[in-house]
Amino acid sequence: MPGPVQYGFTAAVAQHFAAHPAGGAEAAARVVRVDRNRIAAATADGLVHLPYPAGAVPATGDWIWLGRNRAAEPAVVGVLPRTSELSRKRAFDPSTEAQVLAANIDMVGLVVPVDRPLSHNRLERTLVAVWDSGATPLVIITKADLADIADDVVGKVILQAAGVDVVTTSAEQGDGIDELFSRAQPGCTLALLGPSGAGKSTLINALVGHHAQSTGDVRATDGRGRHTTTSRELVPLPNGGVLMDTPGVRGFGLFDADDGMEEMFGDLQVLFGQCRFSDCAHDREPGCAVREALDDGSLEERRWESYLKLQRELAALERRHDAAARRAYQREWHQKVVVAGRSQRAAERYRHS
């Protein structure tokens, strides 16, 4: 089966397509970018621009079947199940709806610039989301040539992101680029995630070998950059790997991340199992392993507070989700009652006519 090899199409992906056929399908493709009213997709013959499908709009990175619409134009006729999905709760949205940031990714590079203060809580919550997505996290330190505190930042990141590989780079000087390039093997998709001005686009240009993405200046007053990347987009690498650039992400609300919490806070799970009581609340109970670890300093107070904060966030999201589900059921039930009542009245009118 032909497919967009430049954008990660492999024999394994071809088998994935074969296992999920779609009616009217003619060609395999991958979503390269989702614009305001069109989808850019890569096929074996090049890029095509497609209208939004009637159902849910695919995300960048999705594998899709192409066919024809009623006007005989190329159109999406099927979206394959995702092998991984990086999602977050929509920023500043009280609902429980998830926003898909990337689909079918193998690795997520968390871009951490050294020219601004390191946010421990932000790094932890993003690592939780990446672990939960099904992809492998990788921390990428950028702008190592701009600050004298690079070694200190790297040390803190390695300590906090235990078990996650850390690559230190300087795109301007070319440091770490070869090591990062070796991570994006042929057929592998590496998504870059980080705040505006973190150096993602500069990093992509260094990896691609030419000016593929626009870059912008960073304000000296607060270290923030402009959104030079305005949409998620796949960028092919010369070796057959694929990069995904993403707009700067200010906030990262967790969305159903139980697996990621277990991966990120596995040390706490071990402590929970050492408590004297199985239902220990880790507050003032005797024999609490968590309190003992906090008292002797083997567990950092900040890390424990971060865990509790993330758990409260997930619990609140679950409560809102349940409430939203109840409201949806009530609306559906009310609508069925109304429709049934109308049908009964119509039947009675028909009998008496």
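Placed above this text is the structure.
1. A short note on empty space enclosed by the protein
- Applying the stated rule across the entire model yields one cavity of 30 Å³ or more.
- Of the volumes computed, that of the largest cavity is approximately 30 Å³.
- Along the walls of the largest cavity sit Asn121, Arg125, Ser306, Lys309 and Leu310, which together make up its complete lining.
- Only α2 (120-133) and α9 (301-351) provide two or more residues apiece to the lining of the largest cavity.
- The dominant element in the lining of the largest cavity, judged by the number of residues it contributes, is α9, at three residues.
- In the lining of the largest cavity, the residues fall into one nonpolar, two polar and two charged.

2. Quick look at unusual backbone geometry
- We note that alanine 72 has phi near 65 degrees; this positive angle belongs to a residue other than glycine.
- Along the chain, alanine 72 turns up in the loop between β4 (63-68) and β5 (74-79).
- Non-glycine residue histidine 282 carries a positive phi angle of around 60 degrees.
- Mapped onto the elements of the fold, histidine 282 is located in the loop between α7 (266-274) and α8 (289-296).

3. Focus on the nonpolar core
- Core analysis: the biggest nonpolar cluster contains 29 residues, and Leu86, Ile105, Val108, Val139, Ile141 and Val157 have the highest contact counts within it.
- Looking at this core, the elements with two or more residues in it are β7 (98-103), β8 (107-113), α2, β9 (136-142), α3 (150-160), β11 (189-193) and β13 (242-245).
- Element by element, the count of residues in this core is highest for α2, at four residues.
- Ignoring anything within four residues of it in the chain, the contact list for valine 108 reads Leu86, Val130, Ala135, Thr136, Pro137, Leu138, Leu190, Ala191 and Leu193.
- Counting residues in hydrophobic clusters, the runner-up holds 18 residues, among them Val111, Leu138, Leu207 and Leu237.

4. A look at the environment of glutamate 172
- Checked against the element boundaries, glutamate 172 lands in the loop between β10 (166-168) and α4 (177-183).
- A sequence separation of 27 residues divides glutamate 172 from aspartate 145, and the C-alpha atoms of the two residues are 8.1 Å apart.
- For glutamate 172, the residues in contact, after removing those within four places along its chain, are Asp145 and Thr202.

5. Considering the pairing of β8
- Within β8, seven of the seven residues are buried, which leaves the element mostly enclosed by the surrounding structure.
- With four bridges joining them, β8 and β11 adopt parallel strand pairing. If you follow valine 108 over to β11, its bridge partner there is alanine 191.

6. Let's talk about the packing of aromatic side chains
- Following the criterion strictly, the structure yields five aromatic pairs and no others.
- Ring centres of phenylalanine 9 and tryptophan 63 lie 5.9 Å apart, and the angle between their planes is 70 degrees; on these two criteria the pair is classed as edge-to-face. Of the two residues, phenylalanine 9 sits in the segment before α1 (11-19) while tryptophan 63 sits in strand β4, which places them 54 residues apart along the sequence.
- Accessibility expressed as a relative area gives 5% for tryptophan 63, which makes it buried.
- A connected cluster of aromatic rings, assembled from ring pairs, spans Phe9, Phe17, Trp63 and Trp65.

7. A short note on the pattern of salt bridges
- The tally for this structure, following the rule as stated, stands at eight salt bridges.
- For arginine 33, the salt bridge identified is with glutamate 233, shortest N-O distance 3.5 Å. Residue arginine 33 is found in strand β1 (residues 27-34), and its partner glutamate 233 is found in strand β12 (residues 233-236); the two are separated by 200 residues along the sequence.
- With its nearest N and O atoms 2.8 Å apart, the salt bridge here joins aspartate 62 to arginine 82. Residue aspartate 62 is located in the loop between β3 (46-51) and β4, and its partner arginine 82 is located in the loop between β5 and β6 (85-89); the two are separated by 20 residues in the primary sequence.
- Classification of aspartate 62 as buried rests on a relative accessible area of 0%.
- A single salt-bridge network, built from bridges that share partners, covers Arg33, Asp35 and Glu233.

8. What about α1?
- For α1, the complete set of buried residues consists of Val13, Ala14, His16 and Phe17. Projection of α1 onto a plane perpendicular to its axis shows the buried side chains occupying an angular sector of 155 degrees, all on one side. In α1, the exposed residues that point more than 90 degrees away from the buried face are Ala11, Ala12, Gln15, Ala18 and Ala19.
- As for α1, its buried residues are in contact with β1 and β4.

9. A word on the side chain of serine 84
- Mapped onto the fold, serine 84 is located in the loop between β5 and β6.
- Every residue in contact with serine 84, bar those within four places of it in the chain, is listed here: Ala102, Ala103, Asn104, Ile105, Ser133, Gly134 and Ala135.

Rules of the game
- Residues numbered from 1 in each chain as written.
- Predicted model: local features only at pLDDT ≥ 70, side-chain atom pairs only at ≥ 80, totals over all residues.
- Heavy atoms only, no water.
- 1 Å grid on protein atoms, 1.4 Å probe; cavity = no way out; pocket = protein on both sides within 12 Å on 5 of 7 lines; lining within 4 Å.
- Points joined across faces, edges and corners; volume = space filled by probe spheres on them.
- Helix = DSSP H or I, 4+ residues; strand = E, 2+ residues; numbered from the N terminus.
- Nonpolar A, V, L, I, M, F, W, Y, C, P; charged D, E, K, R; others polar.
- Core = buried A, V, L, I, M, F, W, Y, C linked by side-chain atoms within 4.5 Å.
- Buried < 20%, exposed > 50% of the residue type's maximum accessible area, 1.4 Å probe, protein only.
- Contact = heavy atoms within 4.5 Å.
- Pairing = 2+ DSSP bridges.
- Phe/Tyr/Trp six-rings, centres within 6.5 Å; stacked < 30°, edge-to-face > 60°.
- Salt bridge = Lys/Arg side-chain N within 4 Å of Asp/Glu carboxyl O.
- Arc of directions from axis to C-beta.

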